[in-house]
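Per-entry structural report
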Amino acid sequence: AYYPGVEPRYSLVIFSCDWTERYLEGGEKIFAFHTINLLTHALAQTIRSNKSTESACKHLLTTCSQLGLPDFLQIDNDAAFTGLGRNKRVFGQFVRLALYLGIEPLFIPPGEPERNHVVERVHGTWAESFWNKNHFASSRALERKSPKFLLWYKTYAPPALGGLTVKQAATQLRCQKLLRRQI
């Protein structure tokens, strides 16, 4: 039960995950996977050469080692996440991995990307503050420079956090992190 003025002992942890694509100089396509903690706005990012199920699974494992294990993961109905398209009525590898880790997937309705607005806004923030200000000749150059965006993002104070930076908000909610040996 919720009582005004009394802090709950446990909060459900919900992450939102999505990817965005961009083109490097020369035309190579890259995919930036972003997962955000909806409460603290802590962010995990991986850069991949494709949006395959394997890339999505590797991103999920990286996220869980950096941000911790959420109770729920909000995602869209992309085939990389659902595994659908080839085999009907079969849970895809990404969904099976999430369930194995104890994460319940929350699929947004098809054609309603506004339901994933927080992570969509992260794509915009990433593009504005990082992608559009740099030129990358290769995915390797992008991967070398990407940590600078994540360092900057930790000092960012989104309006939803009421003046706190992402780093300050993240210290207020601890999630059990996936250890390297568990991966």
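Residues numbered from 1 in each chain as written. Predicted model: local features only at pLDDT ≥ 70, side-chain atom pairs only at ≥ 80, totals over all residues. Heavy atoms only, no water.

Attention shifts here to the overall build of the protein chain. Helix and strand content of the protein chain: 6 helices and 5 strands. Helices (α) and strands (β) of the protein chain occur, in sequence order from the N terminus, as β-β-β-α-β-α-α-β-α-α-α. Over its C-alpha atoms the protein chain spans a radius of gyration of 17 Å, differing by no more than 12% from the 16 Å that the globule rule assigns to 183 residues. With respect to the principal axes defined by its C-alpha atoms, the protein chain has extents near 55 × 45 × 40 Å. Counting every position in the protein chain, which comprises 183 residues, the buried fraction comes to 43%. Looking at charge distribution, the protein chain has the averaged site of its 23 positive side-chain charges lying 8 Å from that of its 15 negative ones. (Helix = DSSP H or I, 4+ residues; strand = E, 2+ residues; numbered from the N terminus. Rg over C-alpha atoms; globule rule 2.2 N^0.38 Å. Buried < 20%, exposed > 50% of the residue type's maximum accessible area, 1.4 Å probe, protein only. Lys, Arg positive; Asp, Glu negative; His and termini not counted. Charge placed at Lys NZ, Arg CZ, Asp CG, Glu CD.)

Within the secondary structure layout, Ala 98 lies in helix H3 (residues 93–100). Residues Ala 98 and Phe 72 lie 26 residues apart in sequence; the distance between their C-alpha atoms is 9.1 Å. Those residues in contact with Ala 98, other than ones at most four positions away along the chain, are Leu 60, Ile 103 and Pro 105. (Contact = heavy atoms within 4.5 Å.)

Quick look at the sheet that holds strand E5 (residues 104–107) now. What the 5 strands build is an open sheet, ordered E3-E2-E1-E4-E5; its pairing is mixed. At either margin of the open sheet sits one strand with a lone partner, and together these are strand E3 (43–48) and E5. Here the average twist between neighbouring strands, direction ignored, is 25°. In the sheet, strand E1 (residues 14–23) pairs with strand E2 (residues 29–37) via 9 bridges, with the strands oriented antiparallel. Each residue of the ladder has a partner; that of Arg 22, found in E2, is Ile 30. Helix H1 (residues 53–66) contacts E1, E2, E3 and strand E4 (72–75) of the sheet and is inclined by roughly 150° relative to E3. (Pairing = 2+ DSSP bridges. Axes fitted to C-alpha atoms, helices over the stretch in contact; angles between N-to-C directions.)

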